[in-house]
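# An overview of the molecular structure
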Amino acid sequence: MQYRTYVPIFKKHLQEHKQMLFIEGARQVGKTTIARALGKHIYLSWDHETSRQLILAGQEQVAELVGFNKIQDTLPLVVFDELHKYSQWKTFLKGFYDLYADRVRIVVTGSSKLGIYKKGGDSMMGRYIPYRIHPFSLAEAMSYFPKTQDIQEPQEPEADIFDALLNYGGFPDPFLKRSTPFWNQWVKIRQTQLFKEDIRELTQIQELSQMEMLGIMLKEQTGQLLNRSSLAKKIKVSAPSIARWLDVFGAFFYSFRIQPWHKNVVRSLVKEPKCYLWDWSQVIDSGARFENFIASHLLKFVHYWTDQGYGDYGLYFLRDKQQREVDFLVVKDQKPWFLVEAKVSANHSVSTNLQYFQKQLECKHAFQVIQNMDYVHRNCFNETGPIMVPARTFLSQLI
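The following refers to the structure shown. (Residues numbered from 1 in each chain as written. Predicted model: local features only at pLDDT ≥ 70, side-chain atom pairs only at ≥ 80, totals over all residues. Heavy atoms only, no water.)

### Considerations on the pairing of strand β10 (residues 335–343)
Here is the rule we go by: The rule for pairing is simple: two strands pair if DSSP sees at least two bridges between them. What counts as a helix is a DSSP run of H or I of at least four residues, what counts as a strand is a run of E of at least two, and both are numbered from the N terminus.
Across five bridges, the pairing between strand β9 (residues 325–332) and β10 is antiparallel. Looking at β10, one finds that Val-331 is bridged to Pro-336. Between β9 and β10, which pair antiparallel in sequence order, lie two residues; one of them, Asp-333, sits at a positive phi of approximately 50°. Sheet topology places β10 next to strand β11 (residues 365–370); six bridges connect them, and they run parallel. Looking across to β11, one finds that Phe-338 is bridged to His-365.

### A few points about the side chain of Gln-221
Rule in force here: Three exposure classes are used, based on accessible area relative to the maximum for each residue type with a 1.4 Å probe and protein chains only: buried under 20%, partly exposed in between, and exposed over 50%. Note on contacts: a residue pair is in contact if any heavy atoms of the two residues lie within 4.5 Å.
By secondary structure assignment, the location of Gln-221 is in the loop between α10 (208–220) and α11 (228–235). On the basis of relative accessible area, Gln-221 is assigned to the buried category, the value being 18%. Not counting the four nearest positions on each side in its chain, Gln-221 is found in contact with Leu-231 and Lys-234.

### Quick look at helix α5 (residues 89–100)
Quick note on the threshold: By this rule the span expected of a helix is its residue count minus one, scaled by 1.5 Å.
If you check α5, its first and last C-alpha atoms are 16 Å apart, about what twelve residues at 1.5 Å a residue would give, namely 16 Å. Among all positions in α5, only Trp-89, Lys-90, Phe-92, Leu-93, Gly-95, Phe-96, Tyr-97 and Tyr-100 are buried. Where α5 is buried, its residues contact β1 (20–24), α3 (49–57), α4 (59–66), β3 (77–81) and β4 (105–110).

### Observations regarding the packing of helix α7 (residues 159–168) against helix α13 (residues 286–307)
Rules: For every element, the axis is a line fit to its C-alpha atoms; helices are fit only across the contacting stretch, and the angle between N-to-C directions ranges from 0 to 180 degrees. For this classification, under 35 degrees means roughly parallel, over 145 means roughly antiparallel, 65 to 115 means roughly perpendicular, and everything else is oblique. Note on residue categories: nonpolar means Ala, Val, Leu, Ile, Met, Phe, Trp, Tyr, Cys or Pro, charged means Asp, Glu, Lys or Arg, and polar means any other residue, Gly included.
Two elements in contact, α7 and α13, have axes separated by 10 Å at closest approach and are oriented at 105°. Considering their axes alone, α7 and α13 lie roughly perpendicular with respect to each other. Facing α7, whose interface residues are Phe-162, Leu-165, Leu-166 and Asn-167, α13 presents Arg-289, Phe-290 and Phe-293. Residue composition of the contact of α7 with α13, grouped by class: five nonpolar, one polar and one charged.

### Let's talk about the nonpolar core
Proteins that are soluble and globular tend to have nonpolar side chains buried together. Our working rule: Buried residues of nine kinds, namely Ala, Val, Leu, Ile, Met, Phe, Trp, Tyr and Cys, make up a nonpolar core once their side-chain atoms join them within 4.5 Å.
Membership of the largest hydrophobic core comes to 67 residues, with the highest contact counts inside it found for Phe-10, Ile-294, Leu-298, Phe-338 and Phe-394. Looking at this core element by element, the count peaks at ten residues for α13. Once residues within four sequence positions are removed from consideration, Phe-338 is found in contact with Leu-298, Phe-301, Phe-328, Leu-329, Val-330, His-365, Phe-367, Phe-381 and Phe-394. Grouped together as the second largest cluster of nonpolar side chains are 27 residues, Leu-226, Ala-232, Ile-235 and Trp-245 included.

### A word on the pattern of salt bridges
We apply this condition: Salt bridges are counted wherever a side-chain nitrogen of Lys or Arg sits within 4 Å of a carboxyl oxygen of Asp or Glu.
Scanning the model with the defined rule gives 22 salt bridges in all. Here Glu-140 makes a salt bridge to Lys-300, at a shortest N to O gap of 2.4 Å. Taken together, the residues Glu-140 in helix α6 (residues 138–142) and Lys-300 in helix α13 connect sequence positions 160 residues apart. Looking at Glu-140, the relative accessible area reads 2%, which means it is buried. Ionic pairing is found between Lys-274 and Glu-291, a salt bridge with its closest N-O pair at 3.4 Å. Of the two residues, Lys-274 is situated in strand β7 (residues 274–277) and Glu-291 in helix α13; the sequence distance between them amounts to 17 residues.

### Quick notes on the sheet that holds strand β6 (residues 255–260)
Ordered by their spatial adjacency, seven strands build an open sheet running β7-β6-β8-β9-β10-β11-β12, and the pairing between neighbours is mixed. Every other strand in the sheet has two partners, leaving β7 and β12 (387–390) as the edge strands with one partner each. Adjacent strand axes in the sheet meet at a mean angle of 35°, parallel and antiparallel pairs treated alike. Together, β8 (313–319), β9, β10 and β11 form the strand contacts of helix α14 (residues 352–361), whose direction differs from that of β9 by roughly 30°.

### Notes on the packing of aromatic side chains
As a reminder of what qualifies: Here is the rule: rings of Phe, Tyr and Trp (six-membered ring for Trp) pair when centre to centre is within 6.5 Å. Planes less than 30 degrees apart are stacked, more than 60 are edge-to-face, and the remainder are tilted. Only lysine NZ and arginine CZ atoms are considered, and such an atom sits over a ring when it is within 6 Å of the ring centre and within 35 degrees of the ring normal.
According to the stated counting rule, one finds 39 aromatic pairs in the structure shown. Pairing Phe-195 with Phe-249 gives two aromatic rings, centres 5.9 Å apart and planes at 85°, and the pair type is edge-to-face. Of this pair, Phe-195 sits in helix α9 (residues 180–202) while Phe-249 is found in helix α12 (residues 239–251), placing the two residues 54 residues apart along the sequence. With relative accessibility at 0%, the residue Phe-195 sits in the buried group. Among the aromatic residues, ring-to-ring pairing joins Phe-301, Trp-305, Tyr-310, Tyr-313, Trp-337, Phe-338, Phe-367, Phe-381 and Phe-394 into one connected group. Of note, Lys-274 hangs over the ring of Phe-328, and the distance from its end group to the ring centre comes to 5.7 Å.

### A word on the environment of Val-7
You can see Val-7 is positioned in helix α1 (residues 6–16). Note on Val-7: relative accessible area 6%, which makes it buried. Once the C-alpha coordinates of Val-7 and Arg-103 are considered, the two residues, 96 residues apart in sequence, prove to be 22 Å apart. Those residues within four positions of Val-7 in sequence are excluded, and the remaining contacts are Ile-34, Ala-37 and Leu-38.

### As for the side chain of Gln-358
Inclusion rule: Counting of polar contacts relies on pairs of N or O atoms within 3.5 Å, with two restrictions inside protein: one atom must be capable of donating a hydrogen and the other of accepting it, and residues adjacent in sequence are counted only when both atoms are side-chain atoms.
Locating Gln-358 in the fold gives a position in helix α14. Within the structure, Gln-358 has its side chain in polar contact with the backbone oxygen of Thr-384 (distance 2.7 Å).

### Let's talk about the sheet that holds β3
Each strand in a sheet pairs with its neighbour through backbone hydrogen bonds, running either in the same direction (parallel) or in the opposite one (antiparallel). Strand order in this open sheet of five strands is β2-β3-β4-β1-β5, and the pairing throughout is parallel. Both edges of this open sheet fall to β2 (42–45) and β5 (128–132), since each of them pairs with a single strand only. Pairs of neighbouring strands in the sheet enclose a mean axial angle of 20°, with direction left out of account. When β1 meets β5, the two strands line up parallel, connected through five bridges. Bridge pairing in β5 links Ile-23 to Tyr-131. Its contacts with the sheet put α3 on β2 and β3, and the angle it makes with β2 is roughly 90°.

Here you go:
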């Protein structure tokens, strides 16, 4: 479990491209561990005083540390961690890259989206390629080997992996330890770091206690339509403040939103998104947690394939004014590909909404993914559906 699916992908990038590798992801998701696994490197973190002084001294001082004046067997690797906390980080990186791109490989990691504070044009356009790191998914927890563009053949997970992921989340420390007391401590510390350190240090937001209330409310409203006006009344702030805070939550990988798909949907609902947490283990209701669990796996799937240049993948949900709804729609290059409805048990027949929307959108597949259903060794992507499929089978075929 010490390796991640991302490691061979990133090694390949560093071998084939000179563009900087930007690694974005939530705090404690494993970015630093992954970066350190890429090979012999020089590690500079803005959070460390010595590294910070070196970076402030300028590009030439960093170049001297790297040893550009020495002959070396391979191009040296420099990892800049949390550099976005430096107000002039883009100017520093642009200058360093322009001076030394042919003599070094550069990895930049950050626990907020590295473009969050971009104003105007992107001054580093063409100089970097971004990748998004996700928590462990079922397929990654079973094997770290890189996935191709093809859907994987199903693999039966070990008995405890699925339940451990669902209950403790996919962040490495709580997932690997599988201890409820540790999970409680970890969640509390991470919450404090998010609000008292990251958001306070890197934004101008003053109402942190009310913002934290919104974060707690999202745990209770996971998977529901977001009504900003209703949330604003409960917290006693303005609706624009709620919208701005939700953007910050997204930028710091606390939550993510899924928009409704409206193309070719008769009388579609085109306004409110649905919201999910990056750490699904914090969702209170068990049914909502499983829906979040599926949402997180699908988001990782579309991010992974998009980041590698296989196409433009997206994740949406479906809902029309007749209250017909399907939890998730995965699209490829703006064309519907497959539908997913998340259910805890198989006590229901296949959703008529799956049948309705599959026909209307001409989706190739439609899955009703069941939590409490034993693994079946059968490639569900060979079926055109709609069909019921065990979550253990379906998720093992993703990333």
